[in-house]
Amino acid sequence: MGIETLIYEGKAKKLFSTKDENILIQEFKDDATAFNGQKKGQILNKGVINNQISTRLYQYLESHFISTHFLKKVSYNAMEIRKLKMFKLEVIVRNIAAGSICKRENIAEGTVFPSPLLEFCYKDDSLGDPFITTEEILEKKLANAKEIEIIRKMTLKINALLKDFFLRRNLKLVDFKLEFGIGKDKSIRLGDEISPDTCRFWDATTNEKLDKDRFRQDLGGVENAYEEILSRIS
Ligand code: TMP
């Protein structure tokens, strides 16, 4: 499916239309941002690596009956996807405490939660993607009760599948962010990307950080961490 025009450019990806109105091309960029765009930089080869990692993970999830937007990888840094009507929501899952929850709740990084914590954020850059309650989601008509229930169930299933997948590769899936949308067939599908930009991964033996926290916290070895994740899942 040939690329037509650029229809959206985000912080880490571009979306292009194709001749088929239901199919888009999602291209991964090397650009990296953190803290709602306040910190900017580039991670060499990130676009190519994240395209491969996301492809592998979508294929894995699809093989376990999770509907996603993924159709096929079409180039080194791009994939063909189904066009979805996206919910203006980010769904965050936390298995282990890291990042914003440590500050918000004053808990130590590394605290293991007995069961996964699920959070919704309102996807609005101008507001800084704030935390949102289920009641507010309903009030703002961002999703209805049935959709929220399906998104919750899919998210927990995705977490169970991914946690197991990564643990087999000696990686702890600390937390991650998902985005969902509705496809032409009216089904709710997982969209966006799954990569070290949107997940936290720690080596299961050493707890070494192997994700975008290396960029956020200026830990160095950012490219190597992304390469390491790719090599463990390939
Ligand atoms: P947080 O600790 O900053 O709330 O992030 C939780 C997880 O969600 C972490 O794996 C990074 C991911 N995330 C995104 O992918 N995009 C975002 O805009 C934010 C805030 C977090």
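See the structure above.
Rules used in this analysis
Position numbers for residues start from 1 in each chain and track the written sequence from start to end. In view of the model being predicted, local features appear only for residues whose pLDDT reaches at least 70, and side-chain atom pairs are presented and counted only at 80 or more, with totals across whole chains, interfaces and linings using the full set of residues. The side-chain quantities take in all heavy atoms of the structure and omit both hydrogens and water. Pairing between strands requires that DSSP locate at least two bridges from one strand to the other. Helix numbers and strand numbers start at the N terminus; a helix is a DSSP run of H or I with at least 4 residues, a strand a run of E with at least 2. Between two residues, a contact is recorded if the distance between any of their heavy atoms is within 4.5 Å. Only the stretch in contact is used when fitting a helix axis, every axis being a line fitted to C-alpha atoms; angles between N-to-C directions are given from 0 to 180 degrees. Throughout, near means a residue has at least one heavy atom within 4 Å of the molecule or strand. The definition of a polar contact used here is a pair of N or O atoms within 3.5 Å, where within protein one atom must be able to donate a hydrogen and the other to accept one, and adjacent residues in sequence count solely through side-chain atom pairs. Two rings belonging to Phe, Tyr or Trp (six-membered ring only in the last case) form a pair when the distance between their centres is within 6.5 Å. Interplanar angles under 30 degrees mark stacking, angles over 60 mark edge-to-face geometry, and anything in between is tilted. Each residue is placed in one exposure class: buried if its accessible area under a 1.4 Å probe, protein chains only, is under 20% of its type's maximum, exposed if it is over 50%, and partly exposed if it falls in between. We call a charge positioned above a ring when the Lys NZ or Arg CZ atom is no farther than 6 Å from the ring centre and deviates by at most 35 degrees from the ring normal. Expected span of a helix, by definition, is 1.5 Å for each gap between consecutive residues, and there is one gap fewer than residues. It is the directions from the helix axis to the C-beta atoms whose arc is reported.

## Some points on the sheet that holds strand E13 (residues 188-190)
Now for step 1: Sheet architecture is open: 3 strands sit in the order E8-E12-E13, paired in antiparallel fashion. At either end of the open sheet lies a strand with only one pairing partner, and these are strand E8 (85-86) and E13.
Now for step 2: With 2 bridges joining them, E8 and strand E12 (residues 180-182) adopt antiparallel strand pairing. Bridge pairing in E12 links Lys-85 to Ile-182.
Now for step 3: Those strands touched by helix H4 (residues 145-167) are E12 and E13, and its axis lies near 35° from that of E13.

## Observations regarding the site of the ligand
Now for step 1: Near the ligand lie 14 residues; those nearest to it are Arg-94, Ser-100, Asp-175, Lys-177 and Arg-200.
Now for step 2: The contact in question runs from an oxygen atom of the ligand to an N or O atom on the side chain of Asp-175, over 2.6 Å.
Now for step 3: Within the side chain of Arg-200, one N or O atom sits 2.9 Å away from an oxygen atom of the ligand.
Now for step 4: For the shell around the ligand, the secondary-structure elements that each account for two or more residues are strand E9 (89-96), strand E11 (171-178) and strand E14 (199-203).

## Focus on the packing of aromatic side chains
Now for step 1: Applying the stated criterion across every chain yields a total of 4 aromatic pairs.
Now for step 2: Ring centres 6.1 Å apart and planes at 15° place the aromatic pair Tyr-58 and Phe-70 in the stacked group. Of this pair, Tyr-58 sits in helix H1 (residues 46-63) while Phe-70 sits in strand E6 (residues 70-75), placing them 12 residues apart in sequence. There is no split in this pair, since Tyr-58 and Phe-70 are both buried.
Now for step 3: Here the aromatic rings of Tyr-60 and Phe-165 are separated by 4.5 Å at their centres, their planes lie at 45°, and the arrangement is tilted. In this pair, Tyr-60 sits in helix H1 while Phe-165 sits in helix H4, placing the two residues 105 residues apart along the sequence. Like Phe-165, Tyr-60 is buried.
Now for step 4: Here a set of aromatic residues connected by ring pairs shows up, and it is made of Tyr-60, Phe-165, Phe-166 and Phe-201.
Now for step 5: Geometry around Phe-215 places Lys-39 over its ring, the cationic atom sitting 5.1 Å from the centre.

## A few points about unusual backbone geometry
Now for step 1: Not every positive phi belongs to a glycine, and Phe-35 is a case in point at roughly 55°.
Now for step 2: Its location among the elements puts Phe-35 in the loop between strand E4 (31-34) and strand E5 (39-42).
Now for step 3: Residue Phe-35 is classed as partly exposed on the basis of its relative accessible area, which comes to 49%.
Now for step 4: For Lys-141, which is not a glycine, the phi torsion comes out positive at approximately 55°.
Now for step 5: Tracing the backbone shows Lys-141 in the loop between helix H3 (134-139) and H4.

## As for helix H6 (residues 222-233)
Now for step 1: Over its 12 residues, H6 runs 17 Å from end to end, which matches the ideal 16 Å to within 8%, given 1.5 Å per residue.
Now for step 2: All of the buried residues in H6 are Val-222, Ala-225, Tyr-226, Ile-229, Leu-230 and Ile-233. Buried residues along H6 cover an arc of 135° about the axis, so they all sit on one side.
Now for step 3: Buried residues in H6 make contact with H1, H4, E11, E14 and helix H5 (213-216).

Just geometry here; none of it tells us what the structure is for.
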